[in-house]
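Understanding the architecture of this molecule
As a plain string of letters, each chain reads:
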Amino acid sequence: MVSQQAAATVRLKVRRGAAGDAAPARYDYFEVPREDGMVVLNAIHYIQSHLDPSLNARWNCKAGRCGSCSAEINGRPRLMCKTPVDSIEGEIVVEPMSAFPLISDLVTDVTENWKVAAMIPPFTPKTPNSREWRFYQQDVDRSREFRKCIECFLCQDVCHVVREHEADYVGPRWVVKAASLDMHPMDSVNRAKFMKDVGGLGYCNITKCCQEICPEHIVITDDAIIPEKERVVDRHYDPILWVYRRLSKRVPKGEQVENGVMKALKVAFWGLLMAPVVIVPLLYLVMAFLR
Ligand code: SF4
Ligand code: SF4
Ligand code: FES
């Protein structure tokens, strides 16, 4: 519980500094009058209006819809406009998202995300636009969850692969995007090759941190990342499906990936298939000889 004295004000510790500053980043401390229903963004606005107009913060809707006010609050990536000050005991520490380059104070440069967005193979309908599209509600329901994304990039911020490793991994937001396209009933593109070779999906080790912090409660890991990983495995590492596709000619030859793993799987598969043809006669001969 918040004490009577603390209830009157909210104490904030806000990280300050801009890209290119000669001085290292610092923390400024502010006392803001506490109000009923107050969220962290209200406190930031109070600081800007009454205490320090030079504090930079990005926001737009103040309703959890635009995804602009993302920050790290007491070390956890959250929307400032959806974080009640009463939900935090003691001092509230507000910092910019650390996965992205800093612009100023709480504002970061998320441009990299738009570059990744442009790389993802776009929606490609199965039939010409002039023909009627007909599909079922359950087909729509599957990818509807992903369309709730507000592009706050909190999941990108919390992902340790995006944040700490210089791996070529597009990050959870963009796996969600690819999944929403792959699961569209009228889409004709399989993005497995892109996710494997360019998207770096293999780097995700399913820690589910992204899923836990998504403000839209998108079940990122279970509903998007794992199905996308399964697509990659089906497409590139399952020898039975590979044979099936080759026999049914469902995959143009140019799309086959001839990497070392695939070749090894092919050798293993054909080896296992051919073994009885060689081993059974050999055993027969040996037994005949021993008799
Ligand atoms: S998936 Fe969730 S956390 Fe990630 S950008 Fe979209 S809304 Fe934000
Ligand atoms: S589940 Fe994967 S994408 Fe999500 S935070 Fe963990 S490593 Fe990153
Ligand atoms: S201001 Fe729009 S999501 Fe917070």
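Details of the overall build of the protein
- Helix and strand content of the protein: 12 helices and 7 strands.
- Its C-alpha radius of gyration of 27 Å places the protein more than 25% over the 19 Å reference for a compact globule of 291 residues.
- Buried positions account for 29% of the 291 residues belonging to the protein.
- In the protein, the proportion of contacts linking residues at least 24 apart, taken out of those at least 6 apart, comes to 65%.

Some details on the site of ligand 1
- The environment of ligand 1 is made up of 15 residues, and the closest members are Cys149, Cys152, Cys155, Arg173 and Cys214.
- At the level of secondary structure, the elements contributing two or more residues to the shell around ligand 1 comprise helix 5 (154–158) and helix 7 (172–182).
- The leading source of residues in the shell around ligand 1 is helix 7, at 3 residues.
- For the shell around ligand 1, the residue count by class is 12 nonpolar, no polar and 3 charged.

Section: the site of ligand 2
- Lining the immediate surroundings of ligand 2 are 13 residues, of which Cys159, Pro172, Cys204, Thr207 and Cys210 lie closest.
- Broken down by secondary-structure element, the contributors of at least two residues to the shell around ligand 2 are helix 9 (209–213) and helix 10 (220–236).
- Considering only residue class, the shell around ligand 2 consists of 9 nonpolar, 3 polar and 1 charged.

Some remarks on the nonpolar core
- Of all hydrophobic cores here, the largest spans 55 residues; its most connected members are Val40, Met80, Val94 and Val175.
- Per-domain counts for this core show at least three residues from each of domain 1 (4–108) and domain 2 (111–237).
- What Val94 contacts, discounting residues up to four positions off in sequence, is Leu12, Val14, Arg15, Val40, Ile44, Ala71, Ile73 and Leu106.

A word on the sheet that holds strand 4 (residues 76–79)
- The sheet built from 5 strands is open, its strands ordered 2-1-5-3-4 with mixed pairing. Since the sheet does not close on itself, it has two edges, and those belong to strand 2 (26–33) and strand 4, each with one partner. Direction aside, the axes of adjacent strands within the sheet are offset by 35° on average.
- The pairing of strand 1 (residues 9–16) with strand 5 (residues 92–95) spans 3 bridges and is parallel. Bridge pairing in strand 5 links Lys13 to Val93.
- Against the sheet, helix 2 (residues 40–51) contacts strand 1, strand 2, strand 3 (70–73) and strand 5, and its axis sits at roughly 95° relative to strand 2.

Section: helix 7
- For helix 7, a buried count of 10 out of 11 residues is recorded, marking the element as mostly surrounded by other parts of the structure.
- All buried positions along helix 7 are accounted for by Pro172, Arg173, Trp174, Val175, Val176, Lys177, Ala178, Ala179, Ser180 and Asp182.
- Buried residues belonging to helix 7 abut helix 3 (111–119), helix 4 (137–144), helix 5, helix 8 (192–197), helix 9 and helix 10.

Here's the deal with helix 2
- Its 12 residues give helix 2 an end-to-end C-alpha distance of 15 Å, which sits within 8% of 16 Å, the value for a rise of 1.5 Å per residue.
- Taken together, the buried positions of helix 2 are occupied by Val40, Leu41, Ala43, Ile44 and Ile47. Here the buried residues of helix 2 occupy an arc of 160° about the axis, which is enough to place them on one side. Of the residues in helix 2, the exposed ones pointing more than 90 degrees away from the buried face are Ser49 and His50.

Thoughts on the pairing of strand 4
- The sheet contact formed by strand 3 and strand 4 spans 4 bridges and is antiparallel. Each bridged residue has a counterpart across the sheet, and for Glu72 the counterpart in strand 4 is Pro77.
- The hairpin turn running from strand 3 into strand 4, its antiparallel successor, is 2 residues long, and Asn74 in that turn takes a positive phi close to 50°.

Some thoughts on the packing of helix 7 against helix 10
- Interaxial distance between helix 7 and helix 10 falls to 9 Å at its minimum, and their mutual angle equals 70°. Considering their axes alone, helix 7 and helix 10 lie roughly perpendicular with respect to each other. Between helix 7 and helix 10 lies a crossing whose hand is left-handed. Judged by residue contacts, Pro172, Val175, Val176, Ala178, Ala179 and Asp182 of helix 7 engage Ile220, Ala224, Ile225, Pro227, Glu228 and Arg231 from helix 10.
- For the contact of helix 7 with helix 10, a count of residues per class yields 9 nonpolar, no polar and 3 charged.

A look at the environment of Glu151
- Mapped onto the elements of the fold, Glu151 is located in the loop between helix 4 and helix 5.
- Note: C-alpha distance between Glu151 and Asp28 (123 residues apart in sequence) is 29 Å.
- Contact partners of Glu151, with chain neighbours within four places excluded, come to Gly67 and Arg173.

What counts and how
Residues numbered from 1 in each chain as written. Chains lettered and ligands numbered in written order. Predicted model: local features only at pLDDT ≥ 70, side-chain atom pairs only at ≥ 80, totals over all residues. Helix = DSSP H or I, 4+ residues; strand = E, 2+ residues; numbered from the N terminus. Rg over C-alpha atoms; globule rule 2.2 N^0.38 Å. Buried ≥ 20, exposed ≤ 12 C-beta atoms within 10 Å, placed from the backbone. Contact = placed C-beta atoms within 7 Å. Near = placed C-beta within 6 Å. Nonpolar A, V, L, I, M, F, W, Y, C, P; charged D, E, K, R; others polar. Core = buried A, V, L, I, M, F, W, Y, C linked by C-beta atoms within 7 Å. Domains from an automatic or database assignment. Pairing = 2+ DSSP bridges. Axes fitted to C-alpha atoms, helices over the stretch in contact; angles between N-to-C directions. Expected span 1.5 Å × (residues − 1). Arc of directions from axis to C-beta. Parallel < 35°, antiparallel > 145°, perpendicular 65-115°, else oblique. Left-handed = near helix turned anticlockwise from the far one by under 90°.

That's the geometry; what it means functionally is another story.
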